[in-house]
2 protein chains.
Amino acid sequence: MNSISRTPARATIVEFLSKSYSPVDVSQIVNFLRAKNLSTNKVTVYRVMDFLLEKGFIDKVEFREGKFRYEIKRDDHHHFICQNCDVVEDISDCNISVLVEEIQKKKGILIKKHSLEFFGICKNCQL
Amino acid sequence: MNSISRTPARATIVEFLSKSYSPVDVSQIVNFLRAKNLSTNKVTVYRVMDFLLEKGFIDKVEFREGKFRYEIKRDDHHHFICQNCDVVEDISDCNISVLVEEIQKKKGILIKKHSLEFFGICKNCQL
DNA sequence: GTCACTGCAAAGGCTTTGCATGTAC
DNA sequence: GTACATGCAAAGCCTTTGCAGTGAC
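Quick caveat: nothing in here was measured; it's all calculated off a predicted structure.

Q: Mind showing me how you'd approach the relation of the copies chain A and chain B here?
A: Superposing the two chain copies requires a rotation about an axis and a translation along that axis. Overlaying chain A with chain B gives an RMSD of 0.1 Å, the required rotation being 180° about an axis along which the chain moves by 0.0 Å. The transformation just described matches what one would write down for a two-fold rotation axis. Nearest to the rotation axis, the C-alpha of Leu116(A) is located 2.2 Å from it, this being the minimum over chain A. In this assembly the copies share their binding face: 100% of the residues contributing to the interface of chain A also contribute to that of chain B.

Q: Got a minute to help me understand the domain arrangement of chain A in this structure?
A: Interfaces are frequently sized by the accessible area removed from exposure as the parts join. Residues and elements named next belong to chain A. When its domains are assigned, chain A resolves into domain 1 (8–72) and domain 2 (78–126). On a C-alpha basis, the centroid separation for the pair domain 1 and domain 2 is 22 Å. Carbon and sulfur atoms make up 68% of the surface buried where domain 1 meets domain 2, a total of about 510 Å² over both sides. Its largest share of buried area at the contact with domain 2, domain 1 owes to Ser22, Phe63 and Arg64, together 64% of the area lost on that side.

Q: How should the protein's contact with DNA strand C be read in this particular structure?
A: Taken together, 18 residues sit near DNA strand C, with Tyr46(A), Thr7(B), Arg10(B), Ser39(B) and Arg47(B) positioned nearest. When atoms of DNA strand C within 4 Å of the protein are split into backbone and base, the sugar-phosphate part holds 67%. For DNA strand C, a phosphate oxygen lies 2.7 Å from a polar atom in the side chain of Thr7(B). Class assignment for the residues of the surface near DNA strand C results in six nonpolar, seven polar and five charged.

Q: Can you help me understand the protein's contact with DNA strand D in this one?
A: Surveying the vicinity of DNA strand D reveals 18 residues, the closest of which are Thr7(A), Arg10(A), Ser39(A), Arg47(A) and Tyr46(B). At a separation of 2.3 Å, a phosphate oxygen of DNA strand D approaches a polar backbone atom of Ser39(A). For DNA strand D, a phosphate oxygen lies 3.2 Å from a polar atom in the side chain of Lys42(B). Going through the elements one at a time, helix 1 (8–19) and helix 3 (42–54) of chain A together with helix 3 (42–54) of chain B are the ones with two or more residues in the surface near DNA strand D. By residue class, the composition of the surface near DNA strand D is six nonpolar, seven polar and five charged.

Q: Would you explain the pairing of strand 1 (residues 58–62) of chain B in this entry?
A: For a regular strand, side chains alternate in direction, first toward one face of the sheet and then toward the other. Across five bridges, strand 1 of chain B lies against strand 2 (residues 68–72) of chain B in antiparallel orientation. If you follow Glu62(B) over to strand 2 of chain B, its bridge partner there is Phe68(B).

Q: Explanation requested: the pattern of salt bridges in the structure shown.
A: It is possible for side chains bearing opposite charge to pair when their charged atoms get close. For the structure shown, the criterion picks out 12 salt bridges over all chains. Note that Arg74(B) is salt-bridged to Glu71(B), the shortest N-O span being 3.9 Å. You can call Glu71(B) buried: its relative accessible area is 7%. Several salt bridges converge on common partners, so that one network encompasses Glu71(A), Arg74(A) and Asp90(A).

Q: Could you clarify how one ought to interpret the sheet that holds strand 3 (residues 78–82) of chain B in this entry?
A: Strand pairing in a sheet relies on backbone hydrogen bonds. The paired strands run either parallel or antiparallel. The sheet built from six strands is open, its strands ordered 4(A)-3(A)-5(A)-5(B)-3(B)-4(B) with mixed pairing. Edge positions in the sheet fall to strand 4 (88–91) of chain A together with strand 4 (88–91) of chain B, since each of these pairs with one other strand and no more. Across this sheet, the average inter-strand angle for adjacent strands is 25°, counted without regard to direction. Relative to strand 4 of chain A, strand 3 (residues 78–82) of chain A runs antiparallel, the two being bridged by four bridges. In the strand pairing of strand 4 of chain A, His78(A) is matched with Ile91(A).

Q: So what exactly am I meant to see when it comes to the packing of aromatic side chains here?
A: Aromatic rings considered in pairs are described by the distance between their centres and by the relative angle of their planes. Residue and element names in this part refer to chain A. In this structure the tally under the stated criterion is two aromatic pairs over all chains. Aromatic side chains Phe16 and Phe32 sit 4.3 Å apart centroid to centroid with 15° between the ring planes, which places their arrangement in the stacked category. Within this pair, whereas Phe16 is found in helix 1, its partner Phe32 is found in helix 2 (residues 26–35), the two being separated by 16 residues in sequence. No difference in accessibility class separates Phe16 from Phe32, as the two residues are buried.

Q: I would appreciate a short explanation of the interface of chain A and chain B in the present structure.
A: Counting residues at the interface gives 38 residues for chain A, matched by 38 residues for chain B. For chain A, the biggest contributors to the area lost against chain B are Glu62(A), Arg64(A) and Lys107(A); these three give 18% of the whole. Put simply, chain A and chain B have zero salt bridges between them. For the side of chain A that touches chain B, the element with the most residues is strand 5 (residues 110–121) of chain A, which contributes 12 residues. Taken together, the residues of the side of chain A that touches chain B break down into 17 nonpolar, eight polar and 13 charged. Of the pairings in the sheet, the one linking strand 5 of chain A to strand 5 (residues 110–121) of chain B comprises 11 bridges and is antiparallel in character. From the neighbouring strand, Phe118(A) faces strand 5 of chain B, where its bridge partner is His114(B).

Calculation rules
- Residues numbered from 1 in each chain as written.
- Chains lettered and ligands numbered in written order.
- Predicted model: local features only at pLDDT ≥ 70, side-chain atom pairs only at ≥ 80, totals over all residues.
- Heavy atoms only, no water.
- Least-squares fit on C-alpha atoms with pLDDT ≥ 70 in both.
- Contact = heavy atoms within 4.5 Å.
- Domains from an automatic or database assignment.
- Buried area = accessible area lost by both parts, 1.4 Å probe.
- Near = heavy atom within 4 Å.
- Polar contact = N/O pair within 3.5 Å; in protein donor to acceptor, adjacent residues only side chain to side chain.
- Nonpolar A, V, L, I, M, F, W, Y, C, P; charged D, E, K, R; others polar.
- Helix = DSSP H or I, 4+ residues; strand = E, 2+ residues; numbered from the N terminus.
- Pairing = 2+ DSSP bridges.
- Salt bridge = Lys/Arg side-chain N within 4 Å of Asp/Glu carboxyl O.
- Buried < 20%, exposed > 50% of the residue type's maximum accessible area, 1.4 Å probe, protein only.
- Axes fitted to C-alpha atoms, helices over the stretch in contact; angles between N-to-C directions.
- Phe/Tyr/Trp six-rings, centres within 6.5 Å; stacked < 30°, edge-to-face > 60°.

Shown next, in the form of structure tokens:
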């Protein structure tokens, strides 16, 4: 047993993030919890997100919407957001780690994380 | 003469962005304008930023702060933000365009822009 | 006068904080 | 009982909107 308490809210949020194909925002999480008949509100969700972030279970991302989105932490991957239909695609085979290494050496800085998002038009919306 | 009206607010904001080493937020812009004895407020600044964005003079970026920052549009470049002292360094010689090309071909998507920010510890803060 | 720019007030959305209540151990 | 999780209300920012006033042409 570790010391992490597993409450219904936390467990359900992790469940929701795990089965979401793209990063979700706080409103979506609240809606999911309520659909599961869990009484909750945004404040609780924000606090759970803080907790999960601190534990390193999730990542916090931005899509230039003026709000944050969250997703289960996974291996290095990035997102493509269609500016027409808002669909989000994962970009996972992008070799950014080589760049990160180069930059670290050249600049003498220590890179702990990075954000990389692509914006454009998806395959469907080009038709 | 083009049809772009050059008001004191707009000219001064462009001046400020031009001489800023890193992206600035709306509060910083308001402060700069007031220091120049220009009466203004946030709403006006937001509207000027919309105008400049639409004209393609500036870019809007996010540093995971829950707000937007703005900078003069320049050639492809990115930012490194020190998580300790908040200093921002430009990362300009990063060959991401190759990756963009690859991804476009592989996924059949059309990439119009991307955001790439690095977070970590700068040279000074490692001492 | 017309049109665009600006200013003020208000509202809306996202996020955080304070405090009280509830729950697990 | 203690420590932590949750809920509600309120507040704090950032940003947008409505409407009136100002100024350039």
